[in-house]
Structure formats: C-alpha cells, structure tokens
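Observations on chain architecture
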Amino acid sequence: LLLHPDGHVSKFGPWSSSFYPRSMNDRGDVVGDFGSDASHGFVYSADHTFTQIDSPSAGHANLQQGTFPAGITDNGVIAGSYIRDDGKNFGFIYTP
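Residues numbered from 1 in each chain as written. Predicted model: local features only at pLDDT ≥ 70, side-chain atom pairs only at ≥ 80, totals over all residues. Heavy atoms only, no water.

**Observations regarding the nonpolar core**
Most often, soluble globular proteins have nonpolar side chains that are buried together. Where we set the bar: Among the buried residues, those of types Ala, Val, Leu, Ile, Met, Phe, Trp, Tyr and Cys that are joined through side-chain atoms within 4.5 Å form a nonpolar core. Only protein chains enter the accessibility calculation, which uses a 1.4 Å probe; a residue whose area is less than 20% of its type maximum is buried, one above 50% is exposed, and one in between is partly exposed. Contacts are assigned to residue pairs with any non-hydrogen atoms lying within 4.5 Å of each other.
With 8 residues, the main nonpolar core is built from Val31, Val43, Ile53, Ala58, Ile72, Ile78, Tyr82 and Phe92. Those residues in contact with Ile72, other than ones at most four positions away along the chain, are Ser23, Met24, Asn25, Asp29, Val31, Val43, Val77 and Ile78.

**Concerning the packing of aromatic side chains**
Threshold: A pair of aromatic rings is counted whenever rings of Phe, Tyr or Trp (Trp by its six-membered ring) have centres within 6.5 Å, and the orientation is called stacked for planes under 30 degrees apart, edge-to-face for over 60 and tilted otherwise.
Summed over the entire model, instances satisfying the criterion amount to 5 aromatic pairs. Where Phe42 meets Phe50, the ring centres are 5.3 Å apart and the plane angle is 20°; that geometry is what we call stacked. Judged by its relative accessible area of 0%, Phe42 falls in the buried class. On the accessibility criterion, Phe50 (31% relative accessible area) is partly exposed. Ring centres of Tyr82 and Phe90 lie 5.6 Å apart, and the angle between their planes is 20°; on these two criteria the pair is classed as stacked.

**Considerations on the sheet that holds strand β7 (residues 66-72)**
The condition is simple: Strand pairing follows a simple DSSP-based rule, namely that at least 2 bridges must link the two strands. Note on conventions: DSSP H or I runs of at least 4 residues are helices, E runs of at least 2 residues are strands, and numbering of each starts at the N terminus. Orientation is described by lines fitted to C-alpha atoms, with helices fitted over the stretch in contact, and by angles between N-to-C directions that extend from 0 to 180 degrees.
A sheet is described by the order of its strands in space; here 3 strands give the open sequence β7-β8-β9, paired in antiparallel fashion. Every other strand in the sheet has two partners, leaving β7 and β9 (89-94) as the edge strands with one partner each. Pairs of neighbouring strands in the sheet enclose a mean axial angle of 25°, with direction left out of account. Pairing of β7 with strand β8 (residues 78-83) involves 6 bridges; the strand directions are antiparallel. Bridging across to β8, Phe68 finds its partner in Ser81.

Okay, here's the thing in structure tokens:
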C-alpha cells in the first residue's frame, strides 16, 4: 500500500516475493527495487504508471545484483546504485 502526500492510499507494484519501495517525492512518485531472479529498479509515477529501470551494467545472477534506486527528486531525477556480476557496487543518476 502507498500513502500519497494528499492522504489517499493505493496499491501498486509487481507482485514479487521481493518488492521494496525506497523513496517518494512531493509529487507522489515512488522509486525502489523488486525481483525474483535479480533486482530491478522501478519508478511508480503519481499518474499510476509503473516503469522498470535497469542499469545496462548491472548483474542479473541473483537478488544481490541489479539496480537499486534510492531516491527521487521532485523533478524526477533518480539516484541509486547498481551491482555488477563481479560484485562491485557503483552509483548512478538517472535524469528523465
């Protein structure tokens, strides 16, 4: 469930065994990660659009690898990290 800044509640996201909303901006956009094989980032927009985000360099072998958005600004800029197949962690900034 998602509590929006205006007070209403809604359901969202893929029905995955691993689903983690991480941050919400003042517009009501939410970022986080989900997965069952590897972790994938997502943006759930205030208009109820769900978009998967994956770094092209992210690993895909297990849930400890993948893309992990951590925050979103009111302008939609997303910051987070990704973990490659070799286990190395890197940061990213995504600008829509």
